[in-house]
Amino acid sequence: MDVISVIRTKRDKGELSPEQIDWVIDAYTRGEVADEQMSALAMAILLNGMNRVEIARWTAAMINSGERMNFAQLSRPTADKHSTGGVGDKITLPLAPIVAACGAAVPQLSGRGLGHTGGTLDKLESIPGWRALLSNEEMFGVLESTGAVICAAGDGLAPADKKLYALRDVTGTVEAIPLIASSIMSKKIAEGTGSLVLDVKVGSGAFMKNIEDARELAATMVGLGTDHGVRTVALLTDMSTPLGLTAGNALEVRESVEVLAGGGPQDVVDLTLALAREMLDAAGLKDADPVKALADGSAMDVWRRMVAAQGGDPDAALPVAREQHVVHASESGVLTTLDAYAVGVAAWRLGAGRARKEDRVQAGAGIELHAKPGDRITAGQRLMTLHTDTPEKFEYALEALNGGVLTAPEGTEFTPNPIVLGR
Ligand code: URA
């Protein structure tokens, strides 16, 4: 087999054979196919697509590039959630303890943020002492003792995806539905969960900007999961505006703890509970009550034990950025747009995100929102507070927000998008 004929097949809109797919994934993982060759193939796939048979084979080849985990020995059914990524998306933090408190085992192998979207591990690392890197034995130990674990995926899980995702990130080939679906599902299937709920984000802050593309991505992933024996469901959820009132690592941990304490912004609570119900249903725990787990403190108890089991101090003060800058409303009216992408880029520029994998994030950096779309605002009121340790970045962050905040005249009828757009 030679790589140029594989690239030419897809360049000329042909169908890749199972042998071509197995060979190219294996050869790329071993370093026999070069990055520039794989990026040509990824671009050909982005432009010309793959059919269902090709996507299924591509996913299987990525799974087979590494180890498979097995949670069958656990005493509880496993339930997992994956979000396609957004701004202010801290849902995993309150969700995993709630679902664990209801009787499921929740193994959340999570990632770090890159670009304008945040990463669950970066958020949790703002808790003093908390460790993302666990051995397999430690991971199983935390899962058995608390019901939930949120940690970094080991290097052995779908290594082909690790390499390919990093390449796609720097070659403009992330936004291809076959590549996103196979990337996410290869990791989730290799992880060995019994059931999976996908939170497919739609809107400016998401990979999928419109509902049709999001529906296609969701259907492709549900098909892949089901074919591999994983009970898989997808919700399509709004990412036109940030989730909740914070975007940034420690800021989002604080908001998640508020949710676990029975408060927090309504959109975060609503989405957390919607995903919890789907996860419990998929895990066969139909009678479990996530609202009760929040109200009776059992979810908070799991959170505290889970954080402590990974070296974190759940009572420690969270880091606060050295400098703040308040943005005020320039006119009165109804807030119609608070663009998720603009807020995500601004938070990233303040230091909440990283431009390269090896960059460090600032734990306290980010944006606190004081209003959301649909709110009436008065000229001069606080709209948002920017937080950073590097105040020279304020101007750069404010540039990103240009055009991202829009108001309509007072009295204008405006209904914000519902949080769940479809299932
Ligand atoms: N998340 C992933 O894990 N892979 C993608 O391709 C996109 C989002």
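If you look the protein chain up in an unreviewed UniProt entry, it shows as Thymidine phosphorylase from Streptomyces enissocaesilis. Check the Subunit (unreviewed entry) section of the UniProt entry for the protein chain; it says "Homodimer." On record in UniProt, under Sequence similarities (unreviewed entry), the comment for the protein chain is "Belongs to the thymidine/pyrimidine-nucleoside phosphorylase family."

(A) Region of interest: the overall build of the protein chain. The number of helices and strands found in the protein chain is 16 helices and 13 strands. Relative to its length of 423 residues, the protein chain is compact, with a C-alpha radius of gyration of 21 Å against a globular reference of 22 Å. Structurally, the protein chain occupies a C-alpha span of about 65 × 50 × 40 Å along its principal axes. In the protein chain, buried positions account for 53% of the 423 residues. Long-range pairs, those at least 24 residues apart, make up 80% of the contacts in the protein chain with a sequence separation of at least 6.

(B) Highlighting the site of the ligand. Near the ligand the following residues occur: Thr84, Gly85, Tyr165, Val174, Leu179, Ile180, Ser183 and Ile184. Per element, the largest residue contribution to the shell around the ligand is 4 residues, and it comes from helix H9 (residues 177-191). Taken together, the residues of the shell around the ligand break down into 5 nonpolar, 3 polar and no charged.

(C) Up close: the nonpolar core. Counting 135 residues, the largest nonpolar core has Val99, Ala104, Val200, Met221, Met279 and Ala346 as the members making the most contacts within it. Ranked by residue count, the leading element in this core is helix H15 (residues 340-352), at 10 residues. Beyond its immediate chain neighbours, meaning those up to four positions away, Met279 contacts Ala79, Lys81, Val99, Ala104, Ser195 and Val197.

(D) Layout of the packing of H15 against helix H16 (residues 394-401). Here H15 crosses H16 at 170°, and the two axes come no closer than 8 Å. In this view, H15 runs roughly antiparallel relative to H16, as classed from their interaxial angle. The segment H15 lies against H16, with Ala342, Val345, Ala346, Arg349 and Leu350 engaging Tyr396, Ala397, Ala400 and Leu401. Of the residues in the contact of H15 with H16, the class split is 8 nonpolar, no polar and 1 charged.

(E) Examining the sheet that holds strand E12 (residues 405-408) more closely. Strand order across the open sheet formed by 3 strands is E10-E8-E12, with antiparallel pairing between neighbours. Strands with a single pairing partner mark the edges of an open sheet, and in this sheet they are strand E10 (376-377) and E12. Note: strand E8 (residues 333-338) against E10, 2 bridges, orientation antiparallel. Bridge pairing in E10 links Val334 to Arg376.

(F) Here's a closer look at the sheet that holds strand E9 (residues 366-369). Across the sheet, 4 strands lie side by side as E6-E9-E11-E7; this open sheet has antiparallel pairing. Only two strands of the sheet have a single neighbouring strand rather than two, namely strand E6 (246-247) and strand E7 (323-328). Of the pairings in the sheet, the one linking E7 to strand E11 (residues 382-388) comprises 6 bridges and is antiparallel in character. By the bridge assignment for E11, Glu323 is matched with Thr388.

About the criteria used
Residues numbered from 1 in each chain as written. Predicted model: local features only at pLDDT ≥ 70, side-chain atom pairs only at ≥ 80, totals over all residues. UniProt positions renumbered as here; feature names shortened; annotations may be inferred. Helix = DSSP H or I, 4+ residues; strand = E, 2+ residues; numbered from the N terminus. Rg over C-alpha atoms; globule rule 2.2 N^0.38 Å. Buried ≥ 20, exposed ≤ 12 C-beta atoms within 10 Å, placed from the backbone. Contact = placed C-beta atoms within 7 Å. Near = placed C-beta within 6 Å. Nonpolar A, V, L, I, M, F, W, Y, C, P; charged D, E, K, R; others polar. Core = buried A, V, L, I, M, F, W, Y, C linked by C-beta atoms within 7 Å. Axes fitted to C-alpha atoms, helices over the stretch in contact; angles between N-to-C directions. Parallel < 35°, antiparallel > 145°, perpendicular 65-115°, else oblique. Pairing = 2+ DSSP bridges.

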